[in-house]
Amino acid sequence: MDIAYIPSPSSGVIHLGPLPLRGYAFCIILGVFVAVWYGNKRWIARGGKAGTVADISVWAVPFGLVGGRLYHVITDYQLYFSDGKNWIDAFKIWEGGLGIWGAIAFGAVGAWIGCRRRGIPLPAYADAIAPAIVLAQAIGRWGNWFNQELYGKATDLPWAVKISEGVNREAGTYHPTFLYESLWCVGVALLVVWADRRFKLGHGRAFALYVAAYCAGRAWIEYMRVDEAHHVLGLRLNVWTAIIVFVLAVVYMVVSARIRPGREEIVEPDRETLAKGATAKDGDTKDSEDAKDNEDAKAGTQKADGDDSVDADAAPAKNV
């Protein structure tokens, strides 16, 4: 008999008055708001302007959601495209299923677009929002609690999560791997904030530290999970992904520290500076065009002078 455990919600839907809101979607939305709020504070502390993080998130968040869903659908295609499954379910993101690997990769593309439009270096922006992103992950993981998914092996520990009978799941108490990952993400955020203050990380190294630290935890947490997954050489696919991404992140930190030590002094140029740069560029173009016109005029004058000299010399000869 289980004396203590974490109960699961009887329903995955939260009712805000007459408006139903799925718990999974609520956690994702709350995580995004926290990420933008905290990311904005860190960006201002780095010398950026208020509101920039929110503006860039308009690009990063939609790209991240699409990338996260694509990764999940591709790596778990059997849930949507095998016999007896409905492929339309692949679009039902509110029912759960976002791969963090795809979300970060595609979100980085969206952030790059937003940064490029404002003349901001992406590595500096990534360093500022890294702890905010991992805090959003910590909050978003509780969406799995609402859906009663992503739990580990059966256990009678007092912090086990109680799972009810449902589709593809048996009632019982299991390791709350969603909770383990949520707590790990909070620890990663604290680690990155401390390291950033202590070592003045720059040029994307704070973001790389976040990636490496998250992957280190995700590898062992993923190994505990019992949900269906593809295996490669005896390990779950996401374990291999975590190992590979961890190595790449560490290599980036080492190489970046040697090539570009220190931290960026200016992370966001003034709009006046950008405007002056654009004006100067236009002025250079105009100057080059004027110079070309002058050269053409000069060449035309020389040609005209040459024609006159020929005619002058030829005239006497004709009279003779």
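Criteria and thresholds
- Note that residues are indexed from 1 along each chain, following the sequence as it is written.
- Residues qualify for local features only when their pLDDT is at least 70, as the model is predicted, and side-chain atom pairs are given and counted only at 80 or more; totals for whole chains, interfaces and linings, by contrast, use all residues.
- Side-chain descriptors were evaluated using all non-hydrogen atoms of the structure, hydrogens and water having been removed beforehand.
- For the purposes of this entry, the term helix denotes a DSSP run of H or I that reaches at least four residues, the term strand denotes a run of E that reaches at least two, and both are numbered from the N terminus.
- Each residue is assigned to one of three classes by its accessible area relative to the maximum for its type, calculated with a 1.4 Å probe on protein chains only: buried under 20%, partly exposed between the two thresholds, exposed over 50%.
- A strand pair is defined by DSSP finding two or more bridges across the two strands.
- A side-chain nitrogen of Lys or Arg and a carboxyl oxygen of Asp or Glu constitute a salt bridge if their distance falls within 4 Å.
- One fitted axis covers the seven residues ending at a residue, a second covers the seven starting there, and the bend at that residue is the angle between these axes.
- Two aromatic rings from Phe, Tyr or Trp, using only the six-membered ring of Trp, form a pair when their centres are within 6.5 Å; if the ring planes differ by under 30 degrees the pair is stacked, by over 60 it is edge-to-face, and anything between is tilted.
- A residue's pLDDT is the predictor's confidence in that residue, given on a scale from 0 to 100.
- For this analysis, residues touch if any pair of their heavy atoms sits within 4.5 Å.
- N or O atoms within 3.5 Å of each other form a polar contact, as long as, within protein, one can give a hydrogen and the other can take it, and as long as residues adjacent in sequence are counted only when both atoms are side-chain atoms.
- For every element, the axis is a line fit to its C-alpha atoms; helices are fit only across the contacting stretch, and the angle between N-to-C directions ranges from 0 to 180 degrees.
- Should an angle lie under 35 degrees it is considered roughly parallel, over 145 roughly antiparallel, and from 65 to 115 roughly perpendicular; all remaining angles are considered oblique.
- By the definition used in this description, the sense in which the near helix is turned from the far one sets the handedness, with an anticlockwise turn below a right angle giving left-handed and a clockwise turn giving right-handed.

Caption draft 1: Region of interest: unusual backbone geometry. Here L150, not a glycine, exhibits a phi torsion of approximately 55 degrees, which is positive. At H203, a position not held by glycine, the phi torsion is positive, near 55 degrees. Relative to the helices and strands, H203 resides in the loop between α7 (177-199) and α8 (205-224). Relative accessible area serves as the criterion here: at 10%, H203 is assigned to the buried category.

Caption draft 2: Highlighting the pairing of strand β2 (residues 19-22). As defined by bridge partners, strand β1 (residues 13-16) adjoins β2 across four bridges and the pair is classed as antiparallel. Looking at the pairing, I14 lines up with L21 of β2. Joining the antiparallel neighbours β1 and β2 is a turn of two residues, in which G17 adopts a positive phi near 70 degrees.

Caption draft 3: Region of interest: the pattern of salt bridges. What the rule picks out here adds up to 12 salt bridges. We note a salt bridge from E181 to R141, for which the minimum N-O separation is 3.1 Å. With E181 in helix α7 and R141 in the loop between α5 (122-140) and α6 (142-147), the pair connects residues that are 40 residues apart, well separated along the chain. For the pair E181 and R141, a shared accessibility class is recorded, and that class is buried.

Caption draft 4: Structural detail: α5. I129 marks the point of greatest bend in α5, at about 50 degrees, and the proline P131 comes within the next four residues. Extensive coverage of α5 is indicated by the burial of 15 of its 19 residues.

Caption draft 5: The packing of aromatic side chains, seen in detail. Under the definition given, this model contains 12 aromatic pairs. Ring centres 5.7 Å apart and planes at 80 degrees place the aromatic pair W142 and W145 in the edge-to-face group. Separated by three residues within a single helix, W142 and W145 lie in helix α6, roughly one turn from each other. Owing to a relative accessible area of 29%, W142 belongs among the partly exposed residues under this scheme. Relative to F146, the ring of W145 has its centre 5.1 Å away and its plane inclined at 65 degrees; by these criteria the two rings are edge-to-face.

Caption draft 6: Spotlight on the confidence of the model for the protein. Averaged over all residues, the pLDDT of the protein is 85; the fraction at 70 or higher stands at 83%. With pLDDT under 50 throughout, residues 306-320 is counted as low confidence; its partners more than four residues away or in other chains account for zero contacts.

Caption draft 7: Spotlight on the side chain of Q78. Checked against the element boundaries, Q78 lands in helix α3 (residues 78-81). Among the residues examined, Q78 registers a relative accessible area of 15% and is labelled buried. Polar side-chain contacts of Q78 include one of 3.1 Å to the side chain of H230.

Caption draft 8: Summary view of the packing of helix α2 (residues 52-75) against helix α4 (residues 100-118). α4 packs onto α2 with a crossing angle of 150 degrees between their chain directions and a minimal axis gap of 6 Å. One element, α2, and the other, α4, form an angle in the roughly antiparallel class. α4 is crossed by α2, and the crossing has right-handed handedness.

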